[in-house]
Amino acid sequence: MIQISQEKLPFILKNFFENANEKIFILNKIGKVIAMNRAAKHILTDEMFAQMVAGKSNAICMACRGYTTIDELRTCTSCYVANSNKDLASFQVYLETVGKGVIPYSASIQTVDEENEIRVLMLRDLSEHIKTQETLHQKLLMNRVMKAQEDERKRISRELHDSVAQEMLSLLVDIRVVKYMTKNEEVVNKIRETEGTLMRLLEDIQHLSVELRPATLDDLGLESAFRAHFKSIDINYGIVVHFQSNIDTNRYEGEIETAVYRICQEAVLNAIKYANVDEVTVKLLEENNQLCLHIIDDGCGFELENASPQGTGLGLYGMKERAELINGVLSIHSAIDKGTYIRLVTPIEEGGASIENHHC
Amino acid sequence: MKDRDIQERIEKIKDKCHFDFIKIAFLQNASNTYEIKSVYGSGNNSKRYLRIILKTGKGVAGQALKTGRPVFIVNVDEEIKRKNFHHYPIIMAEGLKSIGAIPLYEESRVIGVVVAGFRSYNKMTDELIDQFNHRVTKEFSSLFKEMVKK
């Protein structure tokens with residue numbers, strides 16, 4: 001242990017007590033606050049401070065909103081102040097804090113003077129720490145949810161495409177055969193109607209399968225999937241998507257392809273929903289080991305700052321999340337009546353173009 | 001039936017009922033794909049409605065096709081949530097606020113739909129719905145067979 005001269009020690013301790021960032025309360029055996037440092041004062045309202053100075057017992061309870069146990073987030077069960085023979089090296093406690101509301105603190109309480117039962121309660125602001133952890137947790141959860149969603153969509157889409165649609169197709173062939181087995185015009189007409197209905201149903205199912213997750217994306221890659229998707233936008237909404245691409249049949253990692261496809265899908269859908277336009281431009285370009293996606297419309301635009309979302313407000317968030325997953329950078333430029341320009345730049349591995357897609 | 005005839009007929013309905021927009025969509029049998037598409041319209045802001053291939057169940061026209069009954073939305077903002085607007089392509093494309101769709105039958109089968117609407121709210125009143133229905137029956141009831149064969 002480093003020796004400090006006996007004369008200096010009280011001085012250093014006093015300075016530590018006064019200037020420490022930790023909020024320090026010194027309590028006597030009945031829970032009266034007999035001293036507190038400057039940091040501790042700052043978190044109290046004037047009224048609480050006055051009452052504590054006045055020496056009310058258990059004064060800390062005015063600010064305290066309970067501490068965390070394994071059973072409850074905030075509880076007063078076996079209170080750390082009332083239970084005077086209890087030393088807790090580290091626990092989480094919630095305190096009413098000036099200007100911040102009820103926020104969590106990391107706390108420790110220990111007896112420093114056994115004879116007089118003097119105890120020290122030290123608090124450290126945990127809110128930043130907890131926020132960081134929550135964000136991290138949320139991100140991990142989001143990623144898992146997105147992956148699970150994508151997998152499930154793929155499964156159902158495959159099932160529809162490979163089994164339901166195939167069965168219906170053979171049914172359609174059967175019906176066509178029946179058509180040539182009779183000359184009764186009434187029967188032929190009825191069969192023709194059924195054939196038409198069945199064809200529409202088959203188209204609906206194929207459409208559903210593609211909407212869930214396009215098999216083209218797994219089998220043929222981004223460019224084909226985009227072309228098919230934009231065609232369906234044309235016939236569903238009458239909106240023309242001008243598509244330019246230089247990637248040809250190049251393939252990328254499954255995760256990149258999925259993210260780029262979904263981000264583009266979301267961005268174009270946003271344009272359809274909110275921009276009030278008849279055409280959208282999409283560019284997909286590979287340059288300098290980067291894959292760049294541009295989605296441009298000259299619609300009504302929106303305010304990026306303090307925009308009150310017209311939809312769920314999750315779309316843009318989801319796009320950013322997906323971009324981060326593939327180490328991409330998503331930038332959104334928009335202003336009222338100036339249109340919207342969304343750009344995604346994502347790194348691709350050297351020679352990534354030759355990577356076989358192991359998606360299927 | 002000549003193309004001009006259909007165009008004239010829907011324009012007549014539009015004038016009589018004072019609609020801002022009208023279109024007629026029916027089964028395009030020529031290519032054997034069984035698509036239901038709009039070919040004639042009037043009062044349109046853009047040509048988007050001509051590119052749309054109708055899907056049963058989707059949008060006002062789709063609902064009329066699916067159920068075989070007329071579908072009306074008197075006030076678009078009150079009856080459709082903003083986030084679901086994109087499920088109603090024609091409302092979006094033409095900025096309609098009050099809209100109706102009447103299915104067209106050939107024998108017992110729905111083969112098309114007439115969609116009309118206003119760019120202002122609450123115009124599709126009950127009386128107008130009756131009038132619209134009546135006009136559509138008058139102009140088109142006898143002619144579907146011919147149209148489908150085309």
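Here the structure is a predicted model, which is why all the values come from computation and not from measurement.

### Here we look at the sheet that holds strand 9 (residues 290–297) of chain A
All names here are of chain A.
Thought 1: Ordered by their spatial adjacency, five strands build an open sheet running 7-8-9-11-10, and the pairing between neighbours is mixed. One side of each edge strand has no neighbouring strand; the edge strands of this open sheet are strand 7 (240–245) and strand 10 (329–334). When the angles between neighbouring strand axes are averaged without regard to direction, this sheet yields 10°.
Thought 2: This element, helix 7 (residues 222–237), spans strand 7, strand 8 (279–287) and strand 9 of the sheet and lies at about 170° to strand 7.
Thought 3: Strands strand 7, strand 8, strand 9, strand 10 and strand 11 (340–347) of the sheet are contacted by helix 8 (residues 254–275), whose axis makes an angle of about 10° with strand 9.

### A closer look at the environment of Thr340 of chain A
All names here are of chain A.
Thought 1: Within the secondary structure layout, Thr340 lies in strand 11.
Thought 2: Residue Thr340 is classed as buried on the basis of its relative accessible area, which comes to 9%.
Thought 3: Residues Thr340 and Asp298, 42 residues apart in the sequence, show an inter-C-alpha distance of 6.4 Å.
Thought 4: Not counting the four nearest positions on each side in its chain, Thr340 is found in contact with Ile295, Ile296, Asp297, Gly301, Phe302, His333 and Ser334.
Thought 5: Within polar-contact distance, the side chain of Thr340 engages the side chain of Ser334 at 3.1 Å.

### Some details on the domain arrangement of chain A
Accessible area lost upon the coming together of the parts serves often as the stated size of an interface.
Residue and element names in this part refer to chain A.
Thought 1: Domain assignment breaks chain A into domain 1 (14–125), domain 2 (126–213) and domain 3 (220–360).
Thought 2: Of the roughly 1100 Å² buried between domain 2 and domain 3 on both sides combined, carbon and sulfur atoms contribute 46%.
Thought 3: On inspection of domain 2 and its partner domain 3, the count reaches three salt bridges.
Thought 4: Between Glu324 and Lys139 there is a salt bridge, with the nearest N and O atoms lying 3.1 Å from each other.
Thought 5: Counting across the interface, domain 2 meets domain 3 through four residue pairs in polar contact (both at pLDDT 80 or more).
Thought 6: Elements supplying a minimum of two residues to the side of domain 2 that touches domain 3: helix 4 (127–179) and helix 5 (185–212).
Thought 7: Here the element with the most residues in the side of domain 2 that touches domain 3 is helix 4; it accounts for ten residues.
Thought 8: Its residues assigned to classes, the side of domain 2 that touches domain 3 shows three nonpolar, four polar and seven charged.

### Points about the UniProt feature "modified residue: Phosphohistidine" (unreviewed entry) in chain A
Residues and elements named next belong to chain A.
Thought 1: On the UniProt side, "modified residue: Phosphohistidine" (unreviewed entry) is annotated at positions that read His161 here.
Thought 2: On the secondary structure map, His161 appears in helix 4.
Thought 3: Excluding residues within four positions of it along the chain, His161 makes contact with Gln166 and Ser209.

### Points about the nonpolar core
Residue and element names in this part refer to chain A.
Thought 1: Ranked by size, the top nonpolar core spans 65 residues in total, and within it Leu222, Phe226, Val260, Val282 and Leu293 carry the most contacts.
Thought 2: Looking at this core element by element, the count peaks at eleven residues for helix 8.
Thought 3: Excluding residues within four positions of it along the chain, Val260 makes contact with Leu222, Phe226, Leu284, Leu291, Leu293, Ile326, Leu344 and Thr346.
Thought 4: Grouped together as the second largest cluster of nonpolar side chains are 26 residues, Met36, Tyr67, Cys79 and Tyr80 included.

### A short note on the interface of chain A and chain B
Thought 1: Listed by partner, the interface residues are 23 residues for chain A and 19 residues for chain B.
Thought 2: When the buried surface of chain A facing chain B is broken down by residue, Arg200, Ile235 and Tyr237 of chain A rank first, second and third, together holding 27% of it.
Thought 3: At the boundary of chain A and chain B, one finds two salt bridges.
Thought 4: The interface formed by chain A and chain B contains seven residue pairs in polar contact (both at pLDDT 80 or more).
Thought 5: For the side of chain A that touches chain B, the secondary-structure elements that each account for two or more residues are helix 5, helix 7 and helix 8 of chain A.
Thought 6: It is helix 5 of chain A that contributes the most residues to the side of chain A that touches chain B, eight residues altogether.
Thought 7: Looking at the side of chain A that touches chain B, its residues break down into nine nonpolar, six polar and eight charged.

### Topic: the pattern of salt bridges
Residue and element names in this part refer to chain A.
Thought 1: Applying the stated criterion across every chain, the model contains 22 salt bridges over all chains.
Thought 2: With its nearest N and O atoms 3.0 Å apart, the salt bridge here joins Arg251 to Glu257. With respect to burial, Arg251 and Glu257 carry one shared label: buried.
Thought 3: Linked through salt bridges whose partners overlap, the residues forming this network are Glu150, Arg213, Asp218, Arg262 and Arg322.

### A short note on the environment of Asn288 of chain A
Residue and element names in this part refer to chain A.
Thought 1: Following the sequence through the fold, Asn288 ends up in the loop between strand 8 and strand 9.
Thought 2: A relative accessible area of 71% means that Asn288 is categorised as exposed.
Thought 3: Considering only alpha carbons, one finds Asn288 and Pro347, 59 residues apart in sequence, at a separation of 8.9 Å.

Reading the values: rules and limits
Residues numbered from 1 in each chain as written. Chains lettered and ligands numbered in written order. Predicted model: local features only at pLDDT ≥ 70, side-chain atom pairs only at ≥ 80, totals over all residues. Heavy atoms only, no water. Pairing = 2+ DSSP bridges. Helix = DSSP H or I, 4+ residues; strand = E, 2+ residues; numbered from the N terminus. Axes fitted to C-alpha atoms, helices over the stretch in contact; angles between N-to-C directions. Contact = heavy atoms within 4.5 Å. Buried < 20%, exposed > 50% of the residue type's maximum accessible area, 1.4 Å probe, protein only. Polar contact = N/O pair within 3.5 Å; in protein donor to acceptor, adjacent residues only side chain to side chain. Domains from an automatic or database assignment. Buried area = accessible area lost by both parts, 1.4 Å probe. Salt bridge = Lys/Arg side-chain N within 4 Å of Asp/Glu carboxyl O. Nonpolar A, V, L, I, M, F, W, Y, C, P; charged D, E, K, R; others polar. UniProt positions renumbered as here; feature names shortened; annotations may be inferred. Core = buried A, V, L, I, M, F, W, Y, C linked by side-chain atoms within 4.5 Å.

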